[in-house]
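Each chain, letter by letter, is given below.
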Amino acid sequence: MSDAPNVQALQSRGEALVHEAEREAKRLQTSEAAHACKAKYLGKKGLLADVMKQLSALPPEERKSVGKVANTIKEQLEGIFDAALKRLEQEALDKSLETSGVDVTRPARERWLGTLHPLTRTTFRIIEVFQSLGFVIADGPEIEHDFYNFEALNFPKDHPARDMQDTFFASPDVLLRTHTSPVQIRTMLDRKPPVRIICPGKVYRCDADITHSPMFHQVEGLWVDQRVSMADLKGVLRAFAERLFGRHTKVRLRPSYFPFVEPGAEVDVTCVLCGGKGCRVCKQTGWLEILGAGMVHPNVLTAVGYNPEEVRGFAFGMGVERIAMLLHGVDDIRLFFDNDIRFLRQFQ
Ligand code: DAH
């Protein structure tokens with residue numbers, strides 16, 4: 001049956017169509033043209049349909065073979081145009097890459113997951129310890145009035161901390177706070193005792209070298225109640241030091257002076273590196289100074305309207321950078337602010 005005249009006629013005309021389509025497809029320049037050309041051959045009124053029409057009125061026994069041949073031709077034609085479209089798409093992509101300079105087929109760049117800054121982590125660790133001891137967080141503004149930063153904290157008018165060298169003044173009365181102690185004042189003016197707060201935040205001083213930065217961080221603490229003593233202060237600080245630096249850490253208080261406390265003390269912990277034997281970090285003393293503290297001065301209690309006969313309190317203040325430097329063995333404070341990813345990644 002395969003040599004029936006209709007089948008043969010279809011076969012040879014189909015082959016001719018395929019040849020022609022191949023030639024035409026090679027010359028196609030755009031995908032629009034390719035679609036149009038495909039329709040010319042394969043569309044409802046296309047060339048293949050034309051051929052099929054001329055073969056109408058087939059005797060039933062030929063229909064099957066004709067159908068088979070027609071299908072093969074159709075598939076060949078489709079293959080030709082699909083290949084042409086693919087080629088044109090690739091050419092268009094190559095061209096756009098050449099002109100735009102962007103290779104959109106490249107794998108995406110790996111995304112880095114951010115982590116908390118080492119100073120943020122250190123602040124959180126400090127806060128956590130004091131929260132577990134019943135302290136709550138309080139805060140205040142970084143642009144501060146002289147009254148809260150100095151006056152109410154019992155700073156005499158000629159105190160060196162008021163010096164232009166240390167303080168960034170915006171006007172004679174307005175400044176960038178030089179410590180977080182003014183939050184003590186704001187909180188006590190706002191609330192009745194008992195008060196048990198910690199105040200983390202940024203502070204500013206006109207000073208810069210490997211251990212000083214013009215902007216740095218402090219955490220202030222304050223506990224005022226009827227019967228708070230120096231022994232409570234030492235107990236709280238010892239618990240803090242043991243939790244932060246390790247349970248064998250010891251604490252010592254050395255007499256010192258801060259206008260807003262009396263007595264005042266500087267607080268040392270046994271060296272985090274040598275444990276007290278003496279090394280490079282503690283300059284062979286076995287001790288590291290980590291904060292200032294003392295019993296709240298009666299003048300301060302009076303300035304906020306508390307009665308120094310009825311309540312007492314202790315306060316302490318520490319630099320977050322210093323603690324972070326000790327915890328991680330960092331010897332230059334500026335590393336915290338350079339934002340060098342090679343430095344920051346070590347704290348992941
Ligand atoms: N405010 C002091 C400073 O910035 C630190 C300080 C010392 C805070 C003693 C205190 C304190 O509360 O009792 O140097």
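Residues numbered from 1 in each chain as written. Predicted model: local features only at pLDDT ≥ 70, side-chain atom pairs only at ≥ 80, totals over all residues. Heavy atoms only, no water.

(A) Structural detail: the sheet that holds strand β8 (residues 287-296). Reading across the sheet, the seven strands line up as β1-β4-β5-β9-β8-β7-β6 and stay open at both edges, with mixed pairing between neighbours. If you trace the sheet from one side to the other, it starts and ends with β1 (136-137) and β6 (251-256), each paired once. Sheet analysis places strand β5 (residues 215-225) next to strand β9 (residues 312-319), joined by eight bridges and oriented antiparallel. Paired with Asp225 across the two strands is Arg312, which belongs to β9. (Pairing = 2+ DSSP bridges. Helix = DSSP H or I, 4+ residues; strand = E, 2+ residues; numbered from the N terminus.)

(B) Region of the structure containing the domain arrangement of the protein. Splitting the protein by domain gives domain 1 (7-100) and domain 2 (118-347). The distance between the C-alpha centroids of domain 1 and domain 2 comes to 84 Å. (Domains from an automatic or database assignment.)

(C) Focus on the nonpolar core. Core analysis: the biggest nonpolar cluster contains 43 residues, and Ile126, Phe130, Phe240, Leu291, Phe314, Phe316 and Met318 have the highest contact counts within it. A total of seven residues in this core trace back to one element, the largest contributor, which is helix α8 (residues 230-245). Phe240 has contacts with Ile126, Val129, Phe130, Ile290, Leu291, Met318 and Ile323, leaving out every residue within four places of it along the chain. (Core = buried A, V, L, I, M, F, W, Y, C linked by side-chain atoms within 4.5 Å. Buried < 20%, exposed > 50% of the residue type's maximum accessible area, 1.4 Å probe, protein only. Contact = heavy atoms within 4.5 Å.)

(D) Looking closely at the side chain of Thr187. Mapping Thr187 onto the fold places it in helix α7 (residues 182-190). The exposure class of Thr187 is buried, given its relative accessible area of 6%. Beyond its immediate chain neighbours, meaning those up to four positions away, Thr187 contacts Ala138, Val195 and Ile197.

(E) Representation of the layout of surface pockets within the structure. Taken as a whole, the largest pocket spans an internal volume of roughly 1500 Å³. Elements that contribute at least two residues to the lining of the largest pocket include exactly β5, β8, β9 and α10 (320-328). At seven residues, the largest contribution of residues to the lining of the largest pocket is made by β8. Across the lining of the largest pocket, the residue classes tally to 24 nonpolar, 14 polar and 11 charged. Computed from the structure, the second largest pocket encloses a volume of approximately 170 Å³. Contributing to the lining of the second largest pocket are Trp112, Leu113, Gly114, Thr115, Leu116, His117, Pro118, Ile341, Leu344, Arg345 and Gln348. Class assignment for the residues of the lining of the second largest pocket results in six nonpolar, four polar and one charged. (1 Å grid on protein atoms, 1.4 Å probe; cavity = no way out; pocket = protein on both sides within 12 Å on 5 of 7 lines; lining within 4 Å. Points joined across faces, edges and corners; volume = space filled by probe spheres on them. Nonpolar A, V, L, I, M, F, W, Y, C, P; charged D, E, K, R; others polar.)

(F) View of unusual backbone geometry. Residue Pro194 follows Pro193 across a cis peptide bond; omega there is 5°. Cis geometry marks the peptide bond from Glu262 to Pro263, where omega comes out at -5°. Structurally, the position occupied by Pro263 is in strand β7 (residues 261-270). Positive phi outside glycine occurs at Gln284, with the angle close to 65°. With respect to the element layout, Gln284 can be found in the loop between β7 and β8.

(G) Up close: the packing of helix α5 (residues 118-132) against α10. Where α5 contacts α10, the axes come no closer than 9 Å and their chain directions differ by 100°. Taken as axis vectors, α5 and α10 run roughly perpendicular relative to one another. In this structure, α5 uses Leu119, Thr122, Thr123, Arg125 and Ile126 to contact α10, whose residues at the interface are Val320, Glu321, Ile323, Ala324, Leu327 and His328. Class assignment for the residues of the contact of α5 with α10 results in six nonpolar, three polar and two charged. (Axes fitted to C-alpha atoms, helices over the stretch in contact; angles between N-to-C directions. Parallel < 35°, antiparallel > 145°, perpendicular 65-115°, else oblique.)

(H) How the structure looks around the site of the ligand. As a matter of local geometry, the ligand sits amid 15 residues, with His179, Ser181, Arg205, Gln218 and Glu220 nearest to it. Ser181 places a side-chain nitrogen or oxygen 3.0 Å from a nitrogen atom of the ligand. Against a free-state accessible area of 360 Å², the protein chains account for coverage of 89% of the ligand. Here the ligand is seated within the largest pocket. Among the secondary structure elements, those contributing two or more residues to the shell around the ligand are β5, β8 and β9. Each residue belonging to the shell around the ligand can be placed in one class, and the counts come to six nonpolar, seven polar and two charged. (Near = heavy atom within 4 Å. Polar contact = N/O pair within 3.5 Å; in protein donor to acceptor, adjacent residues only side chain to side chain. Areas by Shrake-Rupley, 256 points an atom, 1.4 Å probe, with all protein chains shown as cover. Sits in = over half its atoms within 2 Å of the grid points.)

(I) Quick peek at the pattern of salt bridges. The full count for this structure, using the stated rule, is 12 salt bridges. Asp82 is the partner of Lys38 in a salt bridge, and the nearest nitrogen-oxygen pair spans 3.4 Å. Residue Lys38 is located in helix α2 (residues 31-42), and its partner Asp82 is located in helix α4 (residues 60-100); the two are separated by 44 residues in the primary sequence. A relative accessible area of 40% places Asp82 in the partly exposed class. Of the charged contacts in the structure, one is a salt bridge between Arg252 and Asp268, with a shortest N-O distance of 3.0 Å. Of this pair, Arg252 sits in strand β6 while Asp268 sits in strand β7, and the two are 16 residues apart along the sequence. A residue is classified by how much of its surface remains accessible, and Asp268, at 2% relative accessible area, is buried. Each of the salt bridges in this network shares a partner with another, and the network as a whole consists of Arg252, Arg254, Glu266, Asp268 and Glu289. (Salt bridge = Lys/Arg side-chain N within 4 Å of Asp/Glu carboxyl O.)

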